[in-house]
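Listed below are the residues making up each chain.
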Amino acid sequence: MKVLSVCGLGQGTSLILKMNVEQALTEKGIQADVEHMDVSTASSMSADYIITSNELAEGLEGHSAKLIIVNNYFDLDEINQAIDNHIVEN
């Protein structure tokens, strides 16, 4: 499974989100390739899931990946809840 963590510039915030998503997935025993990037790069990438903020999600509408909204990229509880609600292990 491929997961993209997306922020506006694809630098620090998406990297923090990537690390938190990887931690949450590992704790759940879910194998995934997680990459961090900006919105424009993500729009042309193939993925199963994209985790991003509500503000950036509209720039990714129409993408084949399932969009997962996280308001606080630093909140592990919110990230875990989003994963529980949306990601199904293949």
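Residues numbered from 1 in each chain as written. Predicted model: local features only at pLDDT ≥ 70, side-chain atom pairs only at ≥ 80, totals over all residues. Heavy atoms only, no water.

S.K.: Hey, could you go over the nonpolar core for me, with residue numbers and the actual values?
M.R.: Nonpolar side chains in soluble globular proteins generally cluster together in the buried interior. Counting 17 residues, the largest nonpolar core has Val3, Val21, Leu25, Ile51, Ile79 and Ile87 as its most contacted members. Looking at this core, the elements with two or more residues in it are β1 (2-7), α1 (12-27), β3 (49-52) and α4 (76-86). When residues of this core are assigned to their parent elements, the largest contribution, four residues, is made by α1. The residues touching Ile51, leaving out its near neighbours within four places in the chain, are Val3, Leu4, Ser5, Val6, Leu17, Val21, Ile68 and Val70. If you look at the next biggest cluster of nonpolar residues, it comprises nine residues, including Leu4, Val39, Leu60 and Ala65. (Core = buried A, V, L, I, M, F, W, Y, C linked by side-chain atoms within 4.5 Å. Buried < 20%, exposed > 50% of the residue type's maximum accessible area, 1.4 Å probe, protein only. Helix = DSSP H or I, 4+ residues; strand = E, 2+ residues; numbered from the N terminus. Contact = heavy atoms within 4.5 Å.)

S.K.: Give a description of the sheet that holds β3 that names residues and reports values.
M.R.: Taken together, four strands build an open sheet; the order of strands is β2-β1-β3-β4 and the sheet is parallel. The strands lining the two open edges of the sheet, one partner per strand, are β2 (33-38) and β4 (66-69). The mean angle between the axes of side-by-side strands here comes to 25 degrees, regardless of whether they run parallel or antiparallel. (Pairing = 2+ DSSP bridges. Axes fitted to C-alpha atoms, helices over the stretch in contact; angles between N-to-C directions.)

S.K.: Give a detailed account of the pairing of β2, specifying residues and quantitative values.
M.R.: Sheet analysis places β1 next to β2, joined by six bridges and oriented parallel. Of the residues in β2, the one forming a bridge with Ser5 is His36. Crossover handedness for the path β1 to α1 to β2: right-handed. (Right-handed = clockwise from strand over helix to strand, strands pointing away.)

S.K.: Tell me what's going on with the packing of α1 against α4, and back it up with residues and numbers.
M.R.: Remark: α1 packs on α4, axes separated minimally by 10 Å, with the N-to-C direction vectors making an angle of 60 degrees. With respect to their mutual orientation, α1 and α4 come out oblique. Handedness of the α1/α4 crossing: right-handed. Taken together, the residues of α4 that come into contact with α1 (itself represented by Leu17, Asn20, Val21, Gln23, Ala24 and Leu25) are Leu76, Ile79, Asn80 and Ile83. Of the residues that constitute the contact of α1 with α4, the class distribution is seven nonpolar, three polar and no charged. (Parallel < 35°, antiparallel > 145°, perpendicular 65-115°, else oblique. Left-handed = near helix turned anticlockwise from the far one by under 90°. Nonpolar A, V, L, I, M, F, W, Y, C, P; charged D, E, K, R; others polar.)

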